Amino acid sequence: MFSYSRTAWIPGFRKEIVAIAPSRVPVGRNADDKVACKQQAVAPDARAGYFPRVKARLVDRWLDAVVAWSGSWIVFATILSGLVVWAFLGIRYHDNLQWQALISDIQAILSYVFDSFLVRQQTNAYEDLMNGAAQLRSRGITHERTLRKLVGRVKEEDLVSLKDQVDPAMTGFTLDLPEESWLNRIASVVSKLLGHLVTIVIYWACIIVWLGFGAANGWSNTWQLNINSATSALMVFVFAFIANIRERHANYIRRCLDAVFKVDAALEDILRSLTDDQQANIAVVIPAQKVNVAQTVIFYYADVVGTLVGIIMLVIVLMVWLAIGPVMQFNDNWWLFIGTYAGLVGMNDGFVLRNTQSKLSQFEDDQFRHMNQQDAKLLSLMRQGNGDRVSPATHKVDITRRISIATAKVCAHEITVVAGFIILLGLITGASVMKWSTTGQLICNVPPSIIESFFMIILITGHNYADEERRNELRNVYLRRLELLGLAHRIQAAQTAVMPTLPTATQSVV
């Protein structure tokens, strides 16, 4: 079991995490030991895998269900169908200002809502992985304690001789993590294409071409609305796709965690059995992350967005917007107003989303470094090297990848978020000088739409790299645990063959 420390008014990204792996304490030889151990014992098939934290509040569980649904194929297919319908209707109504304003409003509202969903989705995936890492480290402490006991009972030359005798297949587990479905693999390929540097270059090339036609079109409102409609459609598609691919990858990572936990639990079982160890697993505390003032403010803002407070604010603004419709005679400015509001807030959210994605990925990297060091120590105890034999998959570090990573890092920096906020204030100032005329509102619609679309593509790029790293890291943890389990099986087999050499208690697991 595990707990999650919560302090009021502290963003979830900065809270201390306390986790304890379920203790798989074997029953002792006598009745007293058996009674004492039953309080801590866990059935092998009941708590061997990974079990995500169940949130206490009903509203949190409900919101998580809605967020998971937003990443479903049904939602993605519905939005994709809507975009196709919009494209065909646009053939007839493309010159109608109100039609284009309406599409811009719908896009801005959808993007605004998806901003909140994506922040919460990101937070949930982060908490899952961090709790899983903390539990693995908790059980790793038990592994180290029991291995030290076991090494004291086995001759040095016997340990060294086991190096070439270990067969992971004898453990009963598969030799790799679960496979993805073909649909998931296709979605991952599409994700890599969308987040590729070439896609980013094509995107900006299109923007430059559009700018090139500006003078010929007299920098008209229609010219501005054309790119606004195009980027709006792209943004809605990308938002829906990100929600879908993230949900798919998060579910797969949970399956990987489950596979790692099952091997880890089996390793705990056999080590406790070999050493007659009955001490419960201890808690591991992942302290709150230390960040600067700017990053703290960003985390607070993201936490507000992730609790869907932003959507409540949008509903209030929508009600005000509808109320002033008759007063403004439902003119072009009225139609653009709600899109302007949602577009400006959405642009800011785009900066924040990329920033938090990068920071949380760094926090996760830190926990995997701890696990790698812990595993190296465990393998060293068993005289099996330094734990580096299972190395991360190597990537071809070509110029495209380097530029993509560098671009993603720049876009994720807190200074970039602050710069985005300054741009937002500049747009609002410009529109105010123009008395929020149609042109003034378009200034607050078009640049945010272009910028946010770019940041959503960068968000896919960052997600692809982070997901690739998590899979590599979890695979390494799985293989190292599998190797340790194979070693333990060999020692157990040797003990069975030569009972006087390696004495231990006859045990069972409740």
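Up top you'll find the structure we're talking about.
The notes below deal with the structure included here. Here the residue numbers are simple positions, counted from 1 along each chain's written sequence. This being a predicted model, a pLDDT of at least 70 is required before a residue's local features are given, and a value of 80 or more before pairs of side-chain atoms are given or counted; all residues contribute to the totals for chains, interfaces and linings. Note: side-chain values were computed over all heavy atoms of the structure, leaving out hydrogens and water.

**Let's talk about the packing of aromatic side chains**
Okay, so step 1: For this analysis, a ring pair means two rings from Phe, Tyr or Trp (six-membered ring only for Trp) whose centres lie within 6.5 Å, classed as stacked if their planes differ by under 30 degrees, edge-to-face if by over 60, and tilted for the remaining angles. Scanning all chains against the criterion turns up 18 aromatic pairs.
Okay, so step 2: Ring centres of Tyr112 and Tyr341 lie 6.1 Å apart, and the angle between their planes is 25°; on these two criteria the pair is classed as stacked. One end of the pair, Tyr112, is in helix α4 (residues 97-151); the other, Tyr341, is in helix α11 (residues 332-381), with 229 residues separating them in the sequence.
Okay, so step 3: The interplanar angle of 80° and the centroid separation of 5.4 Å between the aromatic rings of Tyr203 and Trp204 together place this pair among those described as edge-to-face.
Okay, so step 4: Among the aromatic residues, those joined into a cluster by ring pairs are Tyr203, Trp204, Phe351, Phe454 and Phe455. Numbering of helices and strands starts at the N terminus; helices are DSSP runs of H or I of at least 4 residues and strands are runs of E of at least 2.

**Overview of unusual backbone geometry**
As a rule of thumb, non-glycine residues mostly have phi less than zero, and peptide bonds are mostly trans rather than cis.
Okay, so step 1: The phi angle at Trp219 is positive, at roughly 50°, despite the residue not being glycine.
Okay, so step 2: Considering the arrangement of structural elements, one finds Trp219 in the loop between α7 (197-212) and α8 (221-275).
Okay, so step 3: The phi dihedral of Lys435 falls on the positive side, at around 60°, and the residue is not glycine.
Okay, so step 4: Each residue is assigned to one of three classes by its accessible area relative to the maximum for its type, calculated with a 1.4 Å probe on protein chains only: buried under 20%, partly exposed between the two thresholds, exposed over 50%. On the basis of relative accessible area, Lys435 is assigned to the exposed category, the value being 73%.

**Remarks on the pattern of salt bridges**
Okay, so step 1: For salt bridges, the criterion is a side-chain nitrogen of Lys or Arg within 4 Å of an Asp or Glu carboxyl oxygen. Enumeration over the complete set of coordinates arrives at 26 salt bridges.
Okay, so step 2: With a closest N to O distance of 2.5 Å, Glu268 and Arg139 form a salt bridge. Taken as a pair, Glu268 in helix α8 and Arg139 in helix α4 lie far apart in primary sequence, 129 residues in all.
Okay, so step 3: Residue classification places Glu268 among the buried positions, given a relative accessible area of 1%.

**Brief notes about the side chain of Arg145**
Okay, so step 1: Of note, Arg145 is situated in helix α4.
Okay, so step 2: For Arg145, a relative accessible area of 18% translates into the label buried.
Okay, so step 3: Not counting residues within four places of it along the chain, the set of residues in contact with Arg145 comprises Arg272, Asp277, Gln279 and Ala280. Only heavy atoms enter the contact rule, under which two residues are in contact if any of them lie within 4.5 Å.

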